[in-house]
Every structure is written in structure tokens, then in C-alpha cells.
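# Architecture at a glance
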Amino acid sequence: MIQNVRKIVVVNPKGGSGKTTIATNLASYFALQGAQPTLVDYDPQGSSMHWLDSRDASLPKIHGIAAYEQNMRVTRSFQLRIPEQCRCVIVDSPAGFTPAQMRDITRGANKVLMPVLPSRFDTHAASRSIADLLLVAKLDRGKRQLGIVANRTRQNTRYFETLMRFLTSLDIPVATVLRDTQAYVRASESGLGLFDLKSHERIKERPAWTQLIDFLNAESAATAIA
């Protein structure tokens, strides 16, 4: 068992919500902080692992685990083991998982982030998923264990205003609001995160990510990973 490991899970059963973008950018941030993070990819598309494969070896190290693969030659626990020096685990969850899978993926998480897009279909799906996280996965609302990320937003639009009204009504913290920008696309093509870019290339996004990191750091006592 490895002590003092922070676990952050990015989850939304609906595909295309931006889970991988958030997971990979968090991994790049914690790598720069010296946490030697592990990025665990449960999504069969393997987008996080493809991103990691594109990452230059000169950049801060991120350990990757392709959890979507089934390796019959080793035990599941051996396949999911993390390096002893790791101090942060970031989980990119799959779309369309069952309640049992939700419990397994979120077990031991310090924080769970749910990205939600500004559309009627996404907000409807999010409300059901949040209920499952609270009732099935037993996330603690009082400890601010679950946070919403309003993703790919364009402020001063009707969809953005509708999304924020919906999120406010949930009584769940809005961890941050991320803009709809090509900066993430350009970075991901080279295995980079926002924090790997030069300062002037990420200055517009910095306040939103500072808010997200502050949310993650609040009451973030690390757990023990078996």
C-alpha cells in the first residue's frame, strides 16, 4: 500500500464532455509540481494513453496505465499498480459505465470532477449522473468531494446562462468554468498540457485553472492506494 497519494477522478457517463482534456491537463500540472503523477485511462478509446505516447521524453514524467486493457497474464491489481514515488493519481473514466463500475472507479477519490457542456442534453444527463454519484458512489456533498466543471463555454450566450442557472440549482460546487478554445487542441496534439506551454500562450486560461487547482487543494487530505 502506498501512503499519501491524492486521487482525482474525472467522470461523466456521457461521451464527448471533455474528460480527457481535463485529465491530461491536470496530469501535466502535477508533473510540473514534482508529484510524479499516474494517469489511469479507463476509456476504451485510449485517448489519454495516445496523448501520453505523443509526449516528449524531455517533459516532466507522467506514468500511464491503460486500465481499459485486459491482460490475462497478470492480475488486475498488478496491472493497476502505481509507482512508489507517485503522489497523485488522475483517472480518466469511460463513458456509459454501470453503477458498479462507478463505485469502483471513484473508490478512495479525494475529489471527483464532472465536466458538463452547455447544452440541454448534457445538463439533463448530468443531473442523473450527479444523483448516482451521491447515492450509489456515496460521495460526500458536505466535504465538497464532487465538483462541476462547466466546460467549453462561451460567456454572454444563452446556453452559458442556462448552464450556470442549472449548476447553481444543484447545490454542488462549480469548481471552475473553462472556455471553448483551440489552445487545448493545439497542446494535446503534441502530448502537451496547458501548463507545458509558454506563459503568454496560456495567460487567458490561467484564472480558470487556478480556481480549479484551488478547489482540488481544499481539504485534499491524501488517501492510501493499495
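A brief structural summary. (Residues numbered from 1 in each chain as written. Predicted model: local features only at pLDDT ≥ 70, side-chain atom pairs only at ≥ 80, totals over all residues. Heavy atoms only, no water.)

Across its full length, the protein holds nine helices and eight strands. Computed over the C-alpha atoms, the radius of gyration of the protein is 17 Å, within 12% of the 17 Å expected from 2.2 N^0.38 for a compact globule of 226 residues. Across its three principal axes, the protein shows a C-alpha extent of roughly 50 × 45 × 30 Å. The proportion of buried residues among the 226 residues of the protein is 49%. Put simply, 78% of the contacts in the protein that link residues at least 6 apart link residues at least 24 apart. When the accessible surface of the protein is split by element, carbon and sulfur atoms take 50% of a total near 11,600 Å². (Helix = DSSP H or I, 4+ residues; strand = E, 2+ residues; numbered from the N terminus. Rg over C-alpha atoms; globule rule 2.2 N^0.38 Å. Buried < 20%, exposed > 50% of the residue type's maximum accessible area, 1.4 Å probe, protein only. Contact = heavy atoms within 4.5 Å. Areas by Shrake-Rupley, 256 points an atom, 1.4 Å probe, with all protein chains shown as cover.)

When we look at burial in helix α4 (residues 99-106), the residues that qualify are Met102, Ile105 and Thr106. Taken around the axis of α4, the buried residues stretch over an arc of 85°, which confines them to a single face. Downstream of α4 by a residue or two, Gly108 has a phi angle that is positive, lying close to 80°. (Arc of directions from axis to C-beta.)

What follows deals with the pattern of salt bridges. Throughout the structure, instances matching the rule amount to five salt bridges. Notably, a salt bridge pairs Asp196 with Arg55, separated by 2.9 Å at the nearest N-O pair. With Asp196 in the loop between α7 (183-188) and α8 (199-202) and Arg55 in the loop between α2 (47-53) and β3 (63-66), this residue pair connects regions lying 141 residues apart in the sequence. This pair shows no difference in class: Asp196 is buried, exactly as Arg55 is. With a closest N to O distance of 2.5 Å, Glu205 and Arg179 form a salt bridge. Of this pair, Glu205 sits in the loop between α8 and α9 (206-217) while Arg179 sits in strand β7 (residues 174-179), and the two are 26 residues apart along the sequence. Its relative accessible area of 35% is what places Arg179 among the partly exposed residues. (Salt bridge = Lys/Arg side-chain N within 4 Å of Asp/Glu carboxyl O.)

Further remarks concern the nonpolar core. Counting residues in each nonpolar core, the largest one holds 34 residues, and the members touching the most others are Leu26 and Leu113. Of all the secondary structure elements, the ones that give two or more residues to this core are β1 (2-10), α1 (19-32), α2, β4 (88-92), β7, α7 and α9. Here this core takes seven residues from α1, the largest share from any one element. With near-sequence residues (within four places) excluded, Leu113 lies in contact with Ile8, Val9, Val10, Val11, Ile22, Leu26, Gly147, Val149, Ala175, Leu212, Phe215 and Leu216. In this structure, Ala67, Ile82, Leu146 and Leu163 belong to the second largest nonpolar core, which totals 31 residues. (Core = buried A, V, L, I, M, F, W, Y, C linked by side-chain atoms within 4.5 Å.)

Right, let's get into the packing of α1 against α9. One way to put it is that α1 packs onto α9 with a least axis distance of 12 Å and a crossing angle of 80°. Relative to α9, the element α1 is oriented roughly perpendicular. Of the residues in α9, those in contact with Ile22, Asn25, Leu26 and Tyr29 of α1 are Trp209, Leu212, Ile213 and Leu216. When its residues are assigned to classes, the contact of α1 with α9 shows seven nonpolar, one polar and no charged. (Axes fitted to C-alpha atoms, helices over the stretch in contact; angles between N-to-C directions. Parallel < 35°, antiparallel > 145°, perpendicular 65-115°, else oblique. Nonpolar A, V, L, I, M, F, W, Y, C, P; charged D, E, K, R; others polar.)

Structurally, Gly46 can be placed in the loop between β2 (38-41) and α2. Distance in space between the C-alpha atoms of Gly46 and Ala66 is 7.2 Å, their sequence separation being 20 residues. Ignoring anything within four residues of it in the chain, the contact list for Gly46 reads Asp41 and Tyr68.

Our next topic: the pairing of strand β5 (residues 111-116). With respect to burial, β5 is a largely interior element, six of its six residues being buried. In terms of strand pairing, β5 meets strand β6 (residues 146-153) through five bridges, oriented parallel. Pairing of Val116 across the sheet is with Ala150, part of β6. Remark: the β5/helix α5 (residues 120-135)/β6 crossover connection has right-handed handedness. (Pairing = 2+ DSSP bridges. Right-handed = clockwise from strand over helix to strand, strands pointing away.)

So, about the packing of aromatic side chains. As enumerated under the stated definition, the model contains four aromatic pairs in all. With a centroid separation of 5.8 Å and 90° between ring planes, the pair formed by Phe195 and Trp209 is classed as edge-to-face. One end of the pair, Phe195, is in the loop between α7 and α8; the other, Trp209, is in helix α9, with 14 residues separating them in the sequence. Note on Phe195: relative accessible area 17%, which makes it buried. Counting every residue linked through ring pairs, the aromatic cluster contains Tyr29, Phe30, Tyr184, Phe195 and Trp209. Note that Lys111 overlies the ring of Phe215, its terminal NZ or CZ placed 4.4 Å from the centroid. Directly above the ring of Tyr159 sits Arg158, whose terminal nitrogen or CZ lies 4.8 Å from the centroid. (Phe/Tyr/Trp six-rings, centres within 6.5 Å; stacked < 30°, edge-to-face > 60°. Lys NZ or Arg CZ within 6 Å of the ring centre and 35° of its normal.)

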